[in-house]
Number of protein chains: 2
Amino acid sequence: MSPKEVRLKARKGEINASTVNYCDGFVQCNLAILPRAYADDFARFCELNPKACPVVGVSAPGHWDLPAIGEDLDLRTDVPSYYVYRHGEFAGQVQTITDLWQDDFVAFAIGCSFSFDHVLREENIPLRHVEQNSTAGVYVTNIPNVPAGPFGGNLVVSMRPLKAADAIRAIEITSRYPRVHGSPVHIGDPSLIGIRDIGAIDYGDRVPVRDDELPVFWACGVTPHRAMLSARLPLAIAHTPGHMLVTDLPVASMLV
Amino acid sequence: MSPKEVRLKARKGEINASTVNYCDGFVQCNLAILPRAYADDFARFCELNPKACPVVGVSAPGHWDLPAIGEDLDLRTDVPSYYVYRHGEFAGQVQTITDLWQDDFVAFAIGCSFSFDHVLREENIPLRHVEQNSTAGVYVTNIPNVPAGPFGGNLVVSMRPLKAADAIRAIEITSRYPRVHGSPVHIGDPSLIGIRDIGAIDYGDRVPVRDDELPVFWACGVTPHRAMLSARLPLAIAHTPGHMLVTDLPVASMLV
């Protein structure tokens, strides 16, 4: 399926799972949707936290299309599911946000690490969360984001268990893709970034780490969720972790 | 001091230590000197093991100069000290090899990881072996080299203890310098590459690893020592580990 076909399928409610195995070779994005009044501060937050929040596209206020990243794209329906936040609290998971849409909404599309997973696999680096057809394990760290306006919170990371030689190669490769999180932020002992129990995920799906592997942690696009929570906005919307917006942008176009 | 001045000082016997803190910004090299009859096989060995043996220069048979990498360079005297191998056995450490020189000798200059140490330090990555003014800890692994002719043996690695974020950055940076060993070959648990006790070095100097650090292992130019040992050549000469040939080549010229 093409990215457009995947978006149409999501629009019809026919995809209700991690998009990890859809559209190898195309960029997938996190979404952060919030009222225009907060958009400037949020844009600055993204600039100040570039590993977690590499902005790939921003919608015009009130517009639910984003033609620069996808043809006939509808931000209200084309992600398999959405998280809704109200006044700093999780307020439910929904399949579309058509009835929640506001004329002052601005949407930020933020690069997702699913985008480089197929590049790693083409280099024969096995990825357990892809084999499991799941989202990676996602954890909130003890590393504070650089704040901007009301936006703060802590860095969120996704974890891939890798053998050492594969971890080194994965670092080399992903460093060339900064717009989809780039190189990892941590490798090895999870407790050094405030993860006490690697088995206890905060988001995503549990992915076991074997004895001969290192956990490798990439900055994650769930970080804006924490930033929007900390900002206690009256209403903010994000994608459900792992349920990404599939774009028409080739991953190769992100290579630096 | 310029690289040429360092070589002249070594020639006079006035340097008798690790060259780690000499000539930041210039490539340092390992040496492997052997009779012409073995040079073809050895060149192939280097090609087959590029992370351990990236060839930076090769002398003409019988010539002790190597103008492509250093002005007025004398391969017989310009390294602070040399290891001599006879019939597969270590046969002593000497300050010059003028009296051992043969008309059929060919010298291979092989990039050394000291070359990128100053690049890492410029990026604020602390390197304990540099602070100690010592050679890194050097270990023989259980990873066999790809053999060529009589040359085989196991991969030798140098270890730098780094915090995780520094290790990731060091991998990114060194991956851009393949001609001085490039990115690491291993990170984390030493036993996975056959190092049972990180405190028990095979060459170089002991460098402690702290609790919040990972040992990071780069392929090392002592690997050709093991290859020449395994080949049991009647006579072969190498630099003393850590006592390198300082060249006139800027490290920046190695960037890919």
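Residues numbered from 1 in each chain as written. Chains lettered and ligands numbered in written order. Predicted model: local features only at pLDDT ≥ 70, side-chain atom pairs only at ≥ 80, totals over all residues. Heavy atoms only, no water.

Asker: Explanation requested: the overall build of chain A in the structure shown.
Answerer: Tallying secondary structure elements over chain A gives 6 helices and 12 strands in all. Here the C-alpha radius of gyration of chain A, 17 Å, is about what a compact globule of 256 residues would show, namely 18 Å. Across its three principal axes, chain A shows a C-alpha extent of roughly 50 × 40 × 30 Å. Per-residue burial for chain A yields a buried fraction of 59% across its 256 residues. Taking as baseline every contact in chain A between residues at least 6 positions apart, the subset at least 24 positions apart corresponds to 78%. Entry remark: accessible area of chain A is about 9,800 Å², with carbon and sulfur atoms responsible for 48%. The distance from the centre of the 22 positive side-chain charges to the centre of the 29 negative ones in chain A is 1 Å. (Helix = DSSP H or I, 4+ residues; strand = E, 2+ residues; numbered from the N terminus. Rg over C-alpha atoms; globule rule 2.2 N^0.38 Å. Buried < 20%, exposed > 50% of the residue type's maximum accessible area, 1.4 Å probe, protein only. Contact = heavy atoms within 4.5 Å. Areas by Shrake-Rupley, 256 points an atom, 1.4 Å probe, with all protein chains shown as cover. Lys, Arg positive; Asp, Glu negative; His and termini not counted. Charge placed at Lys NZ, Arg CZ, Asp CG, Glu CD.)

Asker: Just to check I follow, could you spell out the relation of the copies chain A and chain B for this structure?
Answerer: Note: a rotation about an axis with an accompanying shift along it relates these two copies of the chain. When chain A is fitted to chain B, the residual RMSD is 0.0 Å, and the transformation amounts to a turn of 180° plus an axial shift of 0.0 Å. Those values place the two copies in the arrangement expected of a two-fold rotation axis. Closest to the rotation axis within chain A is the C-alpha of E172 of chain A, separated from it by 2.7 Å. In this assembly, 100% of the residues forming the interface of chain A have copies in chain B that are likewise at the interface, indicating an isologous arrangement. (Least-squares fit on C-alpha atoms with pLDDT ≥ 70 in both.)

Asker: Explain the packing of aromatic side chains here, please?
Answerer: Here a ring pair, both rings aromatic, is described through the centre-centre distance and the interplanar angle of the planes. Throughout the structure, instances matching the rule amount to 22 aromatic pairs over all chains. Ring geometry for F42 of chain B and F151 of chain B: centres 5.2 Å apart, planes at 75°, overall edge-to-face. Of this pair, F42 of chain B sits in helix α2 (residues 39–48) while F151 of chain B is found in the loop between β6 (137–144) and β7 (154–162), placing the two residues 109 residues apart along the sequence. Residue class for F42 of chain B comes out buried when judged on its relative accessible area of 0%. Look at F151 of chain B and you get buried, because its relative accessible area is 0%. Aromatic ring contacts, followed pair by pair, group F42, F45, F108 and F151 of chain A into a single cluster. (Phe/Tyr/Trp six-rings, centres within 6.5 Å; stacked < 30°, edge-to-face > 60°.)

Asker: What is the right way to read the sheet that holds strand β8 (residues 186–187) of chain A from this model?
Answerer: By definition, the strands of a sheet pair up through backbone hydrogen bonds, in either a parallel or an antiparallel sense. If you trace the 5 strands from one edge of the open sheet to the other, you get β8-β10-β7-β6-β9 (chain A), paired in antiparallel fashion. For this open sheet the edge positions go to β8 and β9 (203–204) of chain A, each flanked by a neighbour on one side alone. (Pairing = 2+ DSSP bridges.)

Asker: Mind showing me how you'd approach the interface of chain A and chain B here?
Answerer: Interface size is commonly expressed as the accessible area that is lost once the parts come together. Listed by partner, the interface residues are 15 residues for chain A and 15 residues for chain B. Summing both sides of the interface, chain A and chain B together bury roughly 1,200 Å²; the carbon and sulfur share of this comes to 75%. Of all residues in chain A, I168, E172 and I187 of chain A bury the most surface against chain B, accounting for 39% of the area lost on that side. Remark: the boundary between chain A and chain B carries 2 residue pairs in polar contact (both at pLDDT 80 or more). The set of elements that each furnish at least two residues to the side of chain A that touches chain B consists of α5 (164–174) and β8 of chain A. Broken down by element, the residue count for the side of chain A that touches chain B peaks at 5 residues, all from α5 of chain A. (Buried area = accessible area lost by both parts, 1.4 Å probe. Polar contact = N/O pair within 3.5 Å; in protein donor to acceptor, adjacent residues only side chain to side chain.)

Asker: Would you mind going over the nonpolar core with me for this structure?
Answerer: Most often, soluble globular proteins have nonpolar side chains that are buried together. In this structure, I187 of chain A together with I187 of chain B are the most contacted members of the largest nonpolar core, which totals 94 residues. Among all residues touching I187 of chain B, those that are not within four sequence positions of it are A164, I168, I187 and L214 of chain A together with A167, I171, L214, P215, V216 and F217 of chain B. (Core = buried A, V, L, I, M, F, W, Y, C linked by side-chain atoms within 4.5 Å.)

Asker: Whenever I open this one, helix α3 (residues 114–122) of chain B confuses me. Can you help?
Answerer: Given 3.6 residues per turn, any residue in an α-helix points the same way as the ones three and four places further on. Residues and elements named next belong to chain B. Across the 9 residues that make up α3, a large majority, 7, are buried. When we look at burial in α3, the residues that qualify are F114, S115, F116, D117, H118, V119 and L120. Packed against the buried residues of α3 are β1 (26–35), α4 (128–131), β7, α5 (164–174) and β10 (214–219). The first or second residue beyond α3 is N124, which carries a positive phi of 65°.

Asker: Even after reading the chapter, I still don't get the pattern of salt bridges, so can you show me in this structure?
Answerer: Oppositely charged side chains can pair when the atoms bearing their charge come close. Evaluation of the coordinates by the stated rule reveals 24 salt bridges over all chains. Note that K163 of chain A and D212 of chain A form a salt bridge whose closest N and O atoms lie 3.6 Å from each other. One end of the pair, K163 of chain A, is in the loop between β7 (154–162) and α5; the other, D212 of chain A, is in the loop between β9 and β10 (214–219), and 49 residues separate them in sequence. Between R11 of chain B and D72 of chain B there is a salt bridge, with its nearest N and O atoms 3.7 Å apart. With a gap of 61 residues between them, R11 of chain B in helix α1 (residues 3–11) and D72 of chain B in the loop between β2 (55–58) and β3 (82–86) connect regions that are remote in the sequence. Judged by relative accessible area, R11 of chain B falls into the partly exposed class, the value being 27%. One salt-bridge network, in which partners are shared between bridges, spans R11, D72 and D78 of chain A. (Salt bridge = Lys/Arg side-chain N within 4 Å of Asp/Glu carboxyl O.)

Asker: Got a minute to help me understand the sheet that holds strand β8 (residues 186–187) of chain B in this structure?
Answerer: All names here are of chain B. The 5 strands are arranged β8-β10-β7-β6-β9 in an open sheet whose pairing can be described as antiparallel. The open sheet has two edge strands, β8 and β9 (203–204), and neither has a second partner. The pairing of β8 with β10 spans 2 bridges and is antiparallel. The residue of β10 that forms the bridge with I187 is V216. Each of β6, β7 and β9 is contacted by helix α6 (residues 223–231), which is oriented at about 160° to β7, the strand it contacts most. (Axes fitted to C-alpha atoms, helices over the stretch in contact; angles between N-to-C directions.)

Asker: Help me out: how do you make sense of the environment of V209 of chain A in this one?
Answerer: Residue and element names in this part refer to chain A. Structurally, V209 can be placed in the loop between β9 and β10. By relative accessible area, V209 is classed as partly exposed at 28%. Between the C-alpha atom of V209 and that of I198, which follows or precedes it by 11 residues, the distance is 8.5 Å. Not counting residues within four places of it along the chain, the set of residues in contact with V209 comprises R128, M159, P161, I198, L214 and P215.

Asker: Just checking my understanding: could you explain the environment of H186 of chain B for this structure?
Answerer: Looking at the secondary structure, you find H186 of chain B in strand β8. In the structure, H186 of chain B is positioned 31 residues away from F217 of chain B in sequence and 5.1 Å away in space, judged by C-alpha atoms. Excluding residues within four positions of it along the chain, H186 of chain B makes contact with A164 and I168 of chain A together with L192, I193, P215, V216 and F217 of chain B.

Asker: Help me understand the packing of helix α3 (residues 114–122) of chain A against α5 of chain A, please; the structure alone is not making it clear to me.
Answerer: Each pair of packed helices gets described by two things: the angle between the helix axes and the distance between those axes. Residue and element names in this part refer to chain A. Contact pair α3 / α5: the axes reach a minimum separation of 10 Å and the direction vectors enclose 125°. It follows from the interaxial angle that α3 and α5 lie oblique. Where α3 crosses over α5, the handedness of that crossing is right-handed. Contacts from F116, V119 and L120 in α3 reach A170, I173 and T174 in α5. In the contact of α3 with α5, the residues fall into 5 nonpolar, 1 polar and no charged. (Parallel < 35°, antiparallel > 145°, perpendicular 65-115°, else oblique. Left-handed = near helix turned anticlockwise from the far one by under 90°. Nonpolar A, V, L, I, M, F, W, Y, C, P; charged D, E, K, R; others polar.)

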